[in-house]
Amino acid sequence: MKVSYYPGCSLHGTAKEYDQSVRVVSRALGIELEEIEDWSCCGASSAHNTNFKLSVALPARDLIAAEKKPHDIMIPCAACFNRFKTTEHHLKHDQALKAEIEEIVGGSYQGSAAIRNPIDIIANTIGLDALKEKVVKKLTGLKPASYYGCLLLRPPEVCRFDDTENPVLLDHILSALGAEVSPWSFKTDCCGGSLTISKTEAVVTMVDRLMTMAREAGANCLVTACPVCTANLDMRASRHLALPVFYFTELAALAMGQEGPEGWCRLHQTDPRPLLKELKLL
Amino acid sequence: MNTFLEEVNEKINGVPIQRCYHCRKCTAGCPMAVAMEHNPNRVIKMIQMGRGEEVLASATIWLCVSCETCITRCPNEVDIARMMDVLRQMAIERGVAAKEKNILKFHEAFLANIRMGGRINEPSLMVHYKLKSGDLFSDMAMGLDMFMKGKLSLISPRTKDMKSVRRIFEKTKQA
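Residues numbered from 1 in each chain as written. Chains lettered and ligands numbered in written order. Predicted model: local features only at pLDDT ≥ 70, side-chain atom pairs only at ≥ 80, totals over all residues.

Participant: Mind laying out the interface of chain A and chain B, listing which residues take part and the relevant values?
Facilitator: At the junction of the two partners, chain A supplies 45 residues and chain B supplies 47 residues. The dominant element in the side of chain A that touches chain B, judged by the number of residues it contributes, is helix α2 (residues 44-50) of chain A, at 7 residues. Grouping the constituent residues of the side of chain A that touches chain B by class yields 20 nonpolar, 17 polar and 8 charged. (Contact = placed C-beta atoms within 7 Å. Helix = DSSP H or I, 4+ residues; strand = E, 2+ residues; numbered from the N terminus. Nonpolar A, V, L, I, M, F, W, Y, C, P; charged D, E, K, R; others polar.)

Encoded structure:
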């Protein structure tokens, strides 16, 4: 399948291992990525916190650009994904706002392209059986706690591709890769990512709680689909609690025997290589 | 003239917040309630009681992380996350000083960065934020470590059609 690809700003910077692993995994699964032409930032938390119309107009510019192609839009970053879905929701439910935003952006919005996270595309379109067939190295011994964070699934009427309170698709993907998923009840508890720079002390408490609960559930790593969560969990955890944090696509690439995982691991704050070497996965 | 409550409801453009029956589910699930001087349920009550000025001057509205747990769990579909957005924007419009200054400064630096290049360049965002906030030395070691790992590139691809991005900022500029 072919998709329009929106990497977003983080994937060109601090989350470059997410971008690279998404590309590698997509290629291996037969998903062709075509980057949205001349995309701009979605505005993230800072736009909707301070200026509602700006927060709708910025993603609308990218949506209108993407609609020129007849493909679904793949957005790996949970924060971008949420802004795009929220914008779609506003534009489809408020005709007056839609007209105003179209005038601001200078284009018309059709609402024709589906906005999707790679978890959804891999689990629901490619399929878990097809994923399993590509696995050459089962992730035996890896006990991930899957962490969805806030923005992939809330609010439910906007982002509905998995259960809001107890999502399972990421667990299914990790199980298909041969990992032993640790069930826990903090999958969608907030890590405080959007305040990691401007209110660090409050965020450290939130991250440490997640790490403590993941350890209590028997996990030896956390797995996310969000550059904000990953950076926050990986940077802010107290040293005695920190577990390695992976993007789910890094693990998929590892299980599929693709090039890249060892180099990506070097970019993490908490080095996952000792764990992977102990489990003979690297 | 509209009351504060009416103004908030109009801007939320959804379920009126009077529909809240104060079950406090929003507050039970709020990850930041512990750090707030007025929890989310209390903010609703304060708005109903006409204490809007206190709400706009509070740290609470800036500490909300927009995780949307409240709206997801509210049995009456009161959009508290959107209400917090509305309150922040009202505080800015009315010139009420943000009690959590650095949080607002971060947002301003973030948006200025988009306005400049269409996309966020993380190192230049951090420098701008540090100059604005005066918080120069936190995270220096981590920043250096990330730089050495090649995660912070000083030059990153930017949007070419900057005219269209600036047009969006111009047309959505608040008075």
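Read on for the rest.
Participant: Describe in detail the packing of helix α3 (residues 52-66) of chain A against helix α4 (residues 78-93) of chain A, supporting the description with residues and values.
Facilitator: Residues and elements named next belong to chain A. Remark: α3 packs on α4, axes separated minimally by 9 Å, with the N-to-C direction vectors making an angle of 95 degrees. Taken together, α3 and α4 sit at an angle that is classed as roughly perpendicular. Contacts between α3 and α4 pair V56, P59, A60 and L63 from the former with R83, F84, T87, E88, H90 and L91 from the latter. For the contact of α3 with α4, the per-class residue count stands at 6 nonpolar, 2 polar and 2 charged. (Axes fitted to C-alpha atoms, helices over the stretch in contact; angles between N-to-C directions. Parallel < 35°, antiparallel > 145°, perpendicular 65-115°, else oblique.)

Participant: Before we move on, could you go through the sheet that holds strand β4 (residues 115-116) of chain A and cite the residues and values that matter?
Facilitator: All names here are of chain A. Here 4 strands make up an open sheet; going across it, the order is β2-β1-β3-β4 and the pairing parallel. Each having just a single partner strand, β2 (32-35) and β4 make up the two edges of the open sheet. Bridging between strand β3 (residues 72-74) and β4 involves 2 bridges; their strand directions are parallel. For I73, the partnering residue across the bridge sits in β4 and is I115. (Pairing = 2+ DSSP bridges.)

The values are spatial; any link to function lies outside them.
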